[in-house]
Amino acid sequence: AAACSSGSSDLGLGDDSSAGTDASTSDGTTVTGQDSSTTDSGNPIGDAGADVRAEPSCSGIAYCENFEDYDDASTIANGKTLGPWTTNVGGTETMTVDGTNPYGGTKALHINIPIVDAGSSTSLLEQTVGGGLVTNGDMWGRMMVWYKNKPNGHTWLFQGLGHSSASGNNMSLNLANSGGNYFFNYHGYADAGEETSDQGGTPVAGAWVCLQWEYKSSGTVNQSEAKLWADGVLVIDSLAAPVQTWDLATPFTEMQLGFVHYPNTAEIIDVFIDDFALNNAKVDCPL
């Protein structure tokens, strides 16, 4: 079983040094984050006046990030190292780890998009593991997400990438949000420009939502499956009508976590992400 690391680390705004102490499991995956509990309120936007929730356990989870290990900073710059993550930041968004609105503990990942947005922008934390992010072809994820305003157009929060043995193609699948619905967006066809999507559920603003997903690689052509749950309710199943003929990675070797925003925005968007986890079995929502 994987264990959680502890301690505080610098965000690396002034240099490229590694931030924090990370533990490694026997299969080479990295584990970040720590279990913590506080009593003072730290949620002025999402849960003002409430006691801060304890962090969920990281025990047995391959990747576990609650952002408690990083020192607050004004802006996370492009190409830096945060623990096991590499940053990919561009456009008009800003990305910080701060205490403005954590779900659990005292900190969360905070991404801000201003009203004057000249098009696409990116705020991502990235990891690559050549042997696979998890030990089988069934990759489960979980995160807590809070929006100040529902995004408009195509935006996404998490993306898994890798090579499909069934199709022979490289592929990606992102967990997206149009403001009107959640959706998965898939690239993995012989025509690299082709994409398909599957949608469902209704995103909300001004409240924390637990998103859970499963990327299940079948190894058989057109029979992989992707599912999404919002607060425990199944909202997307790619093999339910209309069936999506996707070939997912075997295994997934790269993940990107954060916020990518393509269209112009008519209002400020604040996105908070907390209690991210990735594993080869379902990860429960925190209490």
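So, a few notes on the structure that sits alongside this text. All values derive from a computational prediction rather than experimental measurement.

1. Thoughts on the sheet that holds strand 4 (residues 81-82)
The strand order across the open sheet built from eight strands is 4-5-8-17-10-11-12-13, with neighbouring strands paired in antiparallel fashion. Among the strands making up the open sheet, the edge pair consists of strand 4 and strand 13 (196-200). In the sheet, strand 4 pairs with strand 5 (residues 85-90) via two bridges, with the strands oriented antiparallel. Its bridge partner being in strand 5, Thr81 is matched across the sheet by Thr86.

2. Side note on the state of the cysteines
Inspection of the entire model under this criterion finds two disulfides. Bridging Cys58 to Cys64, the disulfide has an S-S length of 2.2 Å. Handedness here is read from the sign of the S-S torsion; for Cys58 and Cys64, about -70°, the answer is left-handed. We note that Cys58, like Cys64, is buried. Paired through a disulfide, Cys210 and Cys285 show a sulfur-sulfur distance of 2.0 Å. Between Cys210 and Cys285 the sulfur-sulfur dihedral comes to about -95°; the bridge is accordingly left-handed. Highlighted residues: Cys210 in strand 14 (residues 208-216) and Cys285 in the segment after strand 18 (269-279), separated in sequence by 75 residues. Overall, Cys210 belongs to the buried group, its relative accessible area being 3%. Cysteine pairing in the protein follows 1-2, 3-4, where each cysteine in a disulfide is numbered by its order in the sequence.

3. Considerations on the nonpolar core
Membership of the largest hydrophobic core comes to 50 residues, with the highest contact counts inside it found for Leu211, Trp213 and Tyr215. Top contributing element to this core by residue count: strand 18, with five residues. Among the nonpolar cores identified, the runner-up in size contains six residues, and Tyr103, Met144, Trp208 and Phe272 belong to it.

4. Let's talk about empty space enclosed by the protein
If you walk through the whole model with that rule in mind, you get one cavity of 30 Å³ or more. Size it by volume and the largest cavity reaches roughly 30 Å³.

5. Structural notes on the pairing of strand 9 (residues 138-147)
Most of strand 9 sits inside the fold, with ten of its ten residues counted as buried. A two-sided burial pattern is seen for strand 9, the buried positions comprising Asp138, Trp140, Arg142, Met144 and Trp146 on one face and Met139, Gly141, Met143, Val145 and Tyr147 on the other. Two strands pair when backbone bridges link them, and strand 9 and strand 14 are joined in this way by nine bridges, in the antiparallel orientation. Bridge assignment links Met139 to a residue of strand 14, and that residue is Tyr215. Relative to strand 18, strand 9 is paired through seven bridges, and the arrangement is antiparallel. If you follow Met144 over to strand 18, its bridge partner there is Asp274.

Cut-off values and rules
Residues numbered from 1 in each chain as written. Predicted model: local features only at pLDDT ≥ 70, side-chain atom pairs only at ≥ 80, totals over all residues. Heavy atoms only, no water. Pairing = 2+ DSSP bridges. Helix = DSSP H or I, 4+ residues; strand = E, 2+ residues; numbered from the N terminus. Disulfide = S-S within 2.5 Å. Buried < 20%, exposed > 50% of the residue type's maximum accessible area, 1.4 Å probe, protein only. Core = buried A, V, L, I, M, F, W, Y, C linked by side-chain atoms within 4.5 Å. 1 Å grid on protein atoms, 1.4 Å probe; cavity = no way out; pocket = protein on both sides within 12 Å on 5 of 7 lines; lining within 4 Å. Points joined across faces, edges and corners; volume = space filled by probe spheres on them.

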